[in-house]
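Survey of secondary and tertiary structure
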Amino acid sequence: MGLLKTALIGAAVYGAIKYITKKDAFGRSIVDDLQDKAPEWVDKAKRFKEDIEQKYNAELDPYTEVKP
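Quick summary incoming for the structure in this document. Note that this is a predicted model, so its numbers are computed, not measured.

Take helix H2 (residues 30–60) next. Between its first and last C-alpha, H2 extends 43 Å over 31 residues, near the 45 Å set by a 1.5 Å rise per residue. Along its length, H2 shows its largest kink, about 35 degrees, at Lys37, and proline Pro39 lies within four residues downstream of that point.

Set out below in structure tokens:
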């Protein structure tokens, strides 16, 4: 049973790799698109992190005005 399970998982991984590296009509694959968009996503994540840090630090400031 373990050999069959391993073979099925291997076939699924092989199929997934073939699918994401397959070129479309324009000669681009899913991997190429992900590589192009990754820097944008990293920049968005950094901005999001900075916004969250600013909000958190603003709440920690003991001298801020307390609103009822």
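Let's pick the thread back up.
Quick look at the pattern of salt bridges now. If you walk through the whole model with that rule in mind, you get four salt bridges. The residue Lys23 makes a salt bridge to Asp32 at a minimum N-O spacing of 3.3 Å. For Lys23, a relative accessible area of 49% corresponds to the partly exposed category. A relative accessible area of 18% places Asp32 in the buried class. The shortest N-O distance in the salt bridge between Asp36 and Arg28 comes to 2.2 Å. Looking at Arg28, the relative accessible area reads 31%, which means it is partly exposed.

Now for the side chain of Asp32. Examined against the element boundaries, Asp32 turns out to sit in helix H2. At 3.3 Å, the side chain of Asp32 forms a polar contact with the side chain of Lys23. Ignoring any residue separated from it by four or fewer positions in sequence, one finds Asp32 in contact with Lys23 and Gly27.

So, how was this worked out
Residues numbered from 1 in each chain as written. Predicted model: local features only at pLDDT ≥ 70, side-chain atom pairs only at ≥ 80, totals over all residues. Heavy atoms only, no water. Helix = DSSP H or I, 4+ residues; strand = E, 2+ residues; numbered from the N terminus. Expected span 1.5 Å × (residues − 1). Bend = angle between axes of the 7 residues up to and from the residue. Salt bridge = Lys/Arg side-chain N within 4 Å of Asp/Glu carboxyl O. Buried < 20%, exposed > 50% of the residue type's maximum accessible area, 1.4 Å probe, protein only. Polar contact = N/O pair within 3.5 Å; in protein donor to acceptor, adjacent residues only side chain to side chain. Contact = heavy atoms within 4.5 Å.

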